[in-house]
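# Structural overview
The chain contents come next:
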Amino acid sequence: MLAAVMAGFGGVISEIGASMMVGGNIRGQTRVLTTATVMETTKGSFDVAIALSVILLAMTFLVNYLLTALQQRRRPS
């Protein structure tokens, strides 16, 4: 079950188009990391886009690490 949650999380994190269509970029109100990366890339601010991508990647690794540790934790018998 936890593996399915991890796979779903990876799919959600990587979906840029859907987050742009569903309120991920309301002018002056919201901005998610995926749309911010796309916007900075189109503006030519590649250094900011790479920094945002590294943050997103680190968050993804952290969540996957925590879920894997939770899954592999052994219950006392």
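The text that follows walks through the structure, step by step, so that each part is easy to find. (Residues numbered from 1 in each chain as written. Predicted model: local features only at pLDDT ≥ 70, side-chain atom pairs only at ≥ 80, totals over all residues. Heavy atoms only, no water.)

### Some remarks on a nonpolar patch on the surface
Just so we agree on the cut-off: Note that patches include only residues with greater than 30% relative accessible area and no salt bridge, and the join distances are 9 Å for like charges and 5 Å for nonpolar side chains (Val, Leu, Ile, Met, Phe, Trp, Tyr). Shrake-Rupley sampling with a 1.4 Å probe provides the accessible areas, and residues are treated as covered by the protein chains on show and by no other component. By salt bridge we mean one thing: a side-chain nitrogen of Lys or Arg within 4 Å of a carboxyl oxygen of Asp or Glu. Think of it this way: any DSSP run of H or I at least four residues long counts as a helix, any run of E at least two long counts as a strand, and we number them from the N terminus. To sort residues, take the accessible area from a 1.4 Å probe on protein chains only and compare it with the maximum for the residue type: under 20% means buried, over 50% means exposed, and anything in between is partly exposed.
Taken together, the side chains of Phe 46, Ile 50 and Val 54 make up a nonpolar region of the molecular surface, amounting to roughly 320 Å² of accessible area. With respect to the helices and strands, the residue Val 54 is situated in helix H4 (residues 46-72). For Val 54, a relative accessible area of 52% gives the class exposed.

### Considerations on the environment of Leu 56
Put simply, the rule reads: We call two residues contacting when some pair of their heavy atoms lies within 4.5 Å.
Structurally, Leu 56 can be placed in helix H4. What makes Leu 56 buried here is its relative accessible area of 15%. Sequence separation of Leu 56 and Thr 37 is 19 residues, and the distance between their C-alpha atoms is 9.5 Å. Aside from chain neighbours lying at most four places away, what touches Leu 56 is Ile 13, Leu 33 and Thr 34.

### Structural notes on the side chain of Thr 60
Put simply, the rule is: As used in this structure description, the phrase polar contact means that two N or O atoms lie within 3.5 Å; if the pair is within protein, one of them must be able to donate a hydrogen and the other to accept it, and residues adjacent in sequence are counted only when both atoms belong to side chains.
Looking at the element boundaries, Thr 60 is found in helix H4. With relative accessibility at 13%, the residue Thr 60 sits in the buried group. Among the polar contacts listed, one links the side chain of Thr 60 to the backbone oxygen of Leu 56, at a separation of 2.9 Å. Filtering out sequence-adjacent residues up to four positions away, Thr 60 remains in contact with Phe 9 and Ile 13.

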